[in-house]
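Single-letter residue listing:
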Amino acid sequence: MDYTHLGRSGVSVSRICLGTMNFGSYTTPEDAHTIMSHALDQGVNFFDTANTYGRPRAEGVTESIIGDWLGGGQGRRDKIVLATKLYGGKGDWPNDRFLSAVNIRQACDASLRRLRTDHIDLYQMHHVDRSTPWEEIWEAMSVLRTQGKIIYCGSSNFAGWYIAQAQEAARRQGFYGLVSEQSLYNLAERTVELEVLPACQGYGLGVLPWSPLHGGLLSGVLSRSAGAGAGAEGGGRTSGGRSAEGLSARHDQVAAFEAFCAELGHPPAEVALAWLLHQPAVTAPIAGPRTLEQLDGAISATGITLDEKALGRLDEIFPGPGGPAPEAYAW
């Protein structure tokens, strides 16, 4: 396993991040524990979750599954960089959501209890809160950091403008600020290349792409429908949601992509992940396996090298927005 720094921080993380959104929804606790143990055995030291993952939603089911695994000992907690998120609602009371200082404190303590740990390595804001001033947010985060409850802060689903706002506010308060941004980013969805990625590079944030296979669209969905083997992400999810909606509009692109992957001799899911690993702003794609086979496929992607010709062909199949703004749409 290869490792890299998380943004401008000194902490080292694996080039694949284990996403856990399926745990407690599509993957049983027992299978989730097996996947986490296998990931650790393979050198994956970066685990990502959120306080709303799992079913019933917003009850912290996935965090509790991870906490039970961490409680199994064997030095697991010290070996991983543990990331979770806050923002989404946990109940019906008005302060049970968003990024007020009240919710930041309560949500962090609740996550720590479920995760059965005394600190969170990367505490991420799952969405921007337009109603709470950054001065309040950073003061609350600095208190948590002083208390030893969190080490780093990250964002998710932020626009480039909000990343700039957050970092400038942190600078004014003498706070370290963000070290990472989680964004929807994959071959089929490249909007973040316009402004989010340049903002991350400018401020030294590591980019953590979520849905790297676009809900299964890039996982070999056409090959599977023709009776071929399964890809790395999706499984039962590829028949609906983003994959089903996108396939009708992108059928020719997906067919060309899968044909090119066959020429390369690698499964589509692994090529899609490898492409992300070749993007300069990306620290680690977040792979959300439901099975050990899917996890092994994601890990195998770290060993794929795409030359300029291959990268150029992928750009032809899935053109991006044209580069960073404003050149993408102006002179």
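Since this is a predicted model, take the numbers as computed values, not measurements.

## Considerations on the overall build of the chain
Consideration 1: Scanning the chain from terminus to terminus reveals 12 helices and 10 strands.
Consideration 2: Scaling as 2.2 N^0.38, a compact globule of 331 residues should have a C-alpha radius of gyration of about 20 Å, and the chain matches this with 19 Å.
Consideration 3: For the chain, the spread of C-alpha atoms along the principal axes amounts to about 55 × 55 × 35 Å.
Consideration 4: Taking all 331 residues of the chain together, the buried fraction comes to 55%.
Consideration 5: For the chain, the share of sequence-separated contacts (at least 6 apart) that also reach a separation of at least 24 residues comes to 77%.
Consideration 6: By element, 50% of the accessible surface of the chain is carried by carbon and sulfur atoms, the whole surface being about 13,800 Å².
Consideration 7: Charge centroids of the chain, computed over 27 positive and 36 negative side chains, lie 5 Å from each other.

## Some points on the pattern of salt bridges
Consideration 1: Tallied over the full model, the rule gives 10 salt bridges.
Consideration 2: A salt bridge links R313 to E316; the shortest N-O distance between them is 3.2 Å. Within this pair, R313 and its partner E316 are both found in helix α12 (residues 308-317), separated by 3 residues, close to a single helical turn.
Consideration 3: A relative accessible area of 55% means that E316 is categorised as exposed.
Consideration 4: Three or more residues are tied together by salt bridges with common partners; here these are R190, E193 and D315.

## A word on the side chain of R190
Consideration 1: Position of R190 relative to the elements: it lies in the loop between β8 (178-184) and α7 (196-203).
Consideration 2: For R190, a relative accessible area of 10% translates into the label buried.
Consideration 3: Among the polar contacts listed, one links the side chain of R190 to the side chain of D315, at a separation of 2.8 Å.

## Some points on the environment of R77
Consideration 1: Within the secondary structure layout, R77 lies in helix α3 (residues 76-79).
Consideration 2: Here the alpha-carbon distance between R77 and L115, two residues 38 residues apart in the chain, equals 10.0 Å.
Consideration 3: R77 has contacts with L70, L82, T117, H119, I120 and D121, leaving out every residue within four places of it along the chain.
Consideration 4: Reaching out from R77, the side chain makes a polar contact with the side chain of D121 at a distance of 3.0 Å.

## Comments concerning the packing of helix α1 (residues 29-41) against helix α11 (residues 292-300)
Consideration 1: The contact between α1 and α11 brings their axes to 10 Å, and the two run at 25°. When the axis of α1 is compared with that of α11, the two are roughly parallel. Crossing of α1 over α11 shows right-handed handedness. In this structure, α1 contributes T34, I35, H38 and A39 to the contact, and α11 contributes L292, L295 and D296.
Consideration 2: Looking at the contact of α1 with α11 residue by residue, the class counts come to 4 nonpolar, 2 polar and 1 charged.

## Points about helix α10 (residues 268-277)
In an α-helix, one full turn covers 3.6 residues, which means residues spaced three or four apart are oriented alike.
Consideration 1: Taking burial as the measure, the 10 residues of α10 include 10 buried ones, the bulk of the element.
Consideration 2: When we look at burial in α10, the residues that qualify are P268, A269, E270, V271, A272, L273, A274, W275, L276 and L277.

## Considerations on the sheet that holds strand β7 (residues 150-156)
Consideration 1: Overall, parallel pairing links the 8 strands, which are arranged β9-β8-β7-β6-β5-β4-β3-β10 in an open sheet. Looking at strand neighbours, the two that pair on one side only are β9 (206-210) and β10 (286-287), the edges of this open sheet.
Consideration 2: In terms of strand pairing, strand β3 (residues 17-19) meets β10 through 2 bridges, oriented parallel. Note on β10: the bridge partner recorded for C17 is I286.

## Overview of the pairing of strand β5 (residues 81-86)
Consideration 1: Counted residue by residue, β5 has 6 buried out of 6 residues, so it is predominantly covered.
Consideration 2: Here β5 shows a buried face lined by V81, A83 and K85 and a second buried face lined by L82, T84 and L86.
Consideration 3: When strand β4 (residues 46-48) meets β5, the two strands line up parallel, connected through 3 bridges. Residue F46 lies in a different strand from β5, and its bridge partner there is V81.
Consideration 4: The parallel pair β5 and strand β6 (residues 120-125) is bridged by helix α4 (residues 101-115), and the resulting crossover is right-handed.

## Re the confidence of the model for the chain
Consideration 1: Looking at the chain, the pLDDT average stands at 94 and 95% of residues meet or exceed 70.
Consideration 2: Scored below 50 in pLDDT, residues 228-236 makes 25 contacts in the model with residues more than four places away or belonging to other chains.

## What about unusual backbone geometry?
Consideration 1: At the junction of R55 and P56, the peptide bond is cis and its omega measures out at 0° in the coordinates.
Consideration 2: With respect to the helices, strands and loops of the structure, P56 is situated in the loop between β4 and α2 (61-70).
Consideration 3: Residue P326 is reached from A325 by a cis peptide bond, and omega for that bond is 0°.
Consideration 4: Looking at where P326 falls in the secondary structure, it is placed in the segment after α12.
Consideration 5: The phi dihedral of Y87 falls on the positive side, at around 155°, and the residue is not glycine.
Consideration 6: Locating Y87 in the fold gives a position in the loop between β5 and α4.
Consideration 7: Take Y87: its relative accessible area is 18%, and that puts it in the buried class.
Consideration 8: Backbone geometry at H214 places phi at a positive 50°, although glycine is not the residue there.
Consideration 9: Within the secondary structure, H214 sits in the loop between β9 and α8 (221-225).

Cut-offs applied
- Residues numbered from 1 in each chain as written.
- Predicted model: local features only at pLDDT ≥ 70, side-chain atom pairs only at ≥ 80, totals over all residues.
- Heavy atoms only, no water.
- Helix = DSSP H or I, 4+ residues; strand = E, 2+ residues; numbered from the N terminus.
- Rg over C-alpha atoms; globule rule 2.2 N^0.38 Å.
- Buried < 20%, exposed > 50% of the residue type's maximum accessible area, 1.4 Å probe, protein only.
- Contact = heavy atoms within 4.5 Å.
- Areas by Shrake-Rupley, 256 points an atom, 1.4 Å probe, with all protein chains shown as cover.
- Lys, Arg positive; Asp, Glu negative; His and termini not counted.
- Charge placed at Lys NZ, Arg CZ, Asp CG, Glu CD.
- Salt bridge = Lys/Arg side-chain N within 4 Å of Asp/Glu carboxyl O.
- Polar contact = N/O pair within 3.5 Å; in protein donor to acceptor, adjacent residues only side chain to side chain.
- Axes fitted to C-alpha atoms, helices over the stretch in contact; angles between N-to-C directions.
- Parallel < 35°, antiparallel > 145°, perpendicular 65-115°, else oblique.
- Left-handed = near helix turned anticlockwise from the far one by under 90°.
- Nonpolar A, V, L, I, M, F, W, Y, C, P; charged D, E, K, R; others polar.
- Pairing = 2+ DSSP bridges.
- Right-handed = clockwise from strand over helix to strand, strands pointing away.
- pLDDT = per-residue confidence, 0-100.

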